[in-house]
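The chain contents come next:
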Amino acid sequence: MHSAKVDFYDRDIVSMRDLTRKDIEYLMDLAETMIPYARGDRVNHSLKGKILGNLFFEPSTRTRFSFESAAHRLGIDVIDVSQISETSIAKGETFADTIRMVDAYCDVIALRHHHEGAARLAANVSENPVINAGDGAGSHPTQTLLDLFTMKRSKGLIDGLNVVIVGDLKYGRTVHFLADALTMFGAKLTFVSPESLQMPRDIVDDIRKKGYDPYQTSNLNEVIDEADVLYVTRIQKERFPDPSEYKKISSIYRINNQNLREAKSDLIIMHPLPRIDEIALEIDRTPHAKYFEQAFNGIPMRMALLYSILGGEM
């Protein structure tokens, strides 16, 4: 590992804004060392005897399974709850009391919840550390960390990369915190979206206060030739009361081989998944496609977090 050791022992991970660049670099370096263990090529059960409480009160595939996989790869047992109906909240117990009870049964909690701020509340009442696995329209720090890790692994560095973020930038929780985190690394930001789905003004203003001026456009073809990273998000059908309006917008940014004729040969394409039809299947067979590798990278990154928070030893 190259970066200086950072003490994450017993630490909550609620928001990317709680992390410094030094923190992120340390976690990325540690995640790199976890890859052979994440693949099952090597075994590290140094956290045997520890228990992860996986509380997922909102649907999730990649985040939930990768937390479970990360835990098992380190020898951690998992208590898994996937619906509020499986808890005493369904009987009227408060969320805070449920967290206190789960806290008594495990060593660390990974929480996915539909209410923004739920992870911060859980961290305030829990004695053991809480990792935010996504809270409503709020933060999803482990997604941002694995996204940065994927860029670093694919490109060798993040500093100075031209990152083009395209799709639903208004409602897409993932891209809000990714854009903010990328400013720590001096990346050049370009936002591509329809007028109605542009990046929220407060996020753009915040980025400008940090000395960066993201370029905003609705025309992907105008900027794709200069992109080092193309980060694609789905346009969320559930936000559109009129299906015809959704259909009109959803097909604007479909990425296919024709779009990429002017793209750099080493462009990487990322997507937090699930994709609907924003990226054509033909892209999967090209060296540009990194989204499935990106999903896998959630395992070593979450291993790095669990390992450092619970005090593992190699």
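One structure accompanies this document, and this report is about it.

Calculation rules
Within any chain, residue numbers begin from 1 and follow the written order of that chain's sequence. With pLDDT at 70 or above as the cut-off, local features in this predicted model cover only qualifying residues; side-chain atom pairs require 80 or more to be listed or tallied, and sums for whole chains, interfaces and linings still use all residues. To get the side-chain values, take all heavy atoms of the structure and skip hydrogens and water. In this description, a nonpolar core means a group of buried Ala, Val, Leu, Ile, Met, Phe, Trp, Tyr and Cys residues linked to one another through side-chain atoms lying within 4.5 Å. Relative accessibility under 20% of the residue-type maximum defines a buried residue, over 50% an exposed one, and the middle range a partly exposed one, all with a 1.4 Å probe and only protein chains included. Per the convention used, a helix needs a DSSP run of H or I reaching at least four residues, while a strand needs a run of E reaching at least two, with both numbered from the N terminus. Each domain's limits were defined by an automated method or a database of domain assignments. Whether two residues are in contact is decided by their heavy atoms, any of which lying within 4.5 Å being enough. Comment: axis = line fitted to C-alpha atoms, over the contacting stretch for helices; angle = value between 0 and 180 degrees taken between N-to-C directions. Angles below 35 degrees are treated as roughly parallel, those above 145 as roughly antiparallel, those between 65 and 115 as roughly perpendicular, and all remaining angles as oblique. By convention, the crossing between two helices is left-handed when the near helix turns anticlockwise from the far helix through less than a right angle, and right-handed when the turn is clockwise. Nonpolar residues are Ala, Val, Leu, Ile, Met, Phe, Trp, Tyr, Cys and Pro. Charged residues are Asp, Glu, Lys and Arg, and all others, Gly as well, are polar. Two strands make a pair as long as DSSP finds a minimum of two bridges between them. Think of a 1 Å grid over the protein atoms and nothing else: a 1.4 Å probe that fits but is trapped marks a cavity, an open set flanked by protein within 12 Å on at least five of seven lines marks a pocket, and residues with an atom within 4 Å of a point count as lining. Grid points are joined across faces, edges and corners, and a volume is the space filled by probe spheres set on the points.

1. Some thoughts on the nonpolar core
Taken as a class, soluble globular proteins show a tendency for nonpolar side chains to be buried jointly. If you look at the biggest cluster of nonpolar residues, it comprises 63 residues, and the most contacted ones within it are Leu148, Met151, Val163, Leu182, Phe191 and Leu306. Looking at this core, the element that brings in the most residues is helix α1 (residues 21-38), giving 10 residues. Mapping this core onto the domain boundaries places at least three of its residues in each of domain 1 (16-139 + 296-310) and domain 2 (142-294). In this view, Met151 contacts Gly156, Leu157, Ile158, Leu161, Val163, Leu178, Leu182, Val229, Tyr231, Ile268 and Met270; residues no more than four positions away in its chain are not counted. Val164, Ile224, Ile269 and Leu273 belong to the second largest nonpolar core, which has 20 residues in total.

2. A few points about the packing of helix α5 (residues 141-155) against helix α10 (residues 298-309)
Look at α5 against α10: their axes get within 9 Å of each other, and the N-to-C directions meet at 120°. The angle between the axes of α5 and α10 places the two elements in the oblique class. Here α5 runs over α10; the crossing is right-handed. Every residue of α10 that contacts α5 at Thr142, Gln143, Leu145, Leu146 and Phe149 is listed here: Gly298, Pro300, Met301, Arg302 and Leu305. Here the residues of the contact of α5 with α10 are counted per class, giving six nonpolar, three polar and one charged.

3. Examining the sheet that holds strand β7 (residues 215-217)
Pairing between the strands of a sheet comes from backbone hydrogen bonds, and it takes one of two forms, parallel or antiparallel. Read across the sheet, five strands follow the order β7-β6-β5-β8-β9 without closing on themselves; strand pairing throughout is parallel. The open sheet is flanked by β7 and β9 (268-270), the only strands paired with a single partner. Recorded for the sheet is a direction-independent mean angle of 20° between the axes of neighbouring strands. Here three bridges tie strand β6 (residues 188-192) to β7, and the two strands are oriented parallel to one another. What sits directly across from Thr190, in β7, is Tyr215.

4. Here we look at the layout of surface pockets
A probe matching the size of a water molecule, rolled over the atoms, marks out where space remains unfilled. A volume near 910 Å³ is recorded for the largest pocket. If you go around the largest pocket, you meet 40 residues; those closest to its centre are Arg112, Arg173, Thr174, Arg234 and Leu273. If you list the elements that add at least two residues to the lining of the largest pocket, you get α2 (62-73), α5, α6 (173-182), α7 (201-209) and α9 (291-296). Counting residues per element, the lining of the largest pocket draws most heavily on α6, at five residues.

Read these as layout, nothing more, since geometry by itself doesn't imply function.
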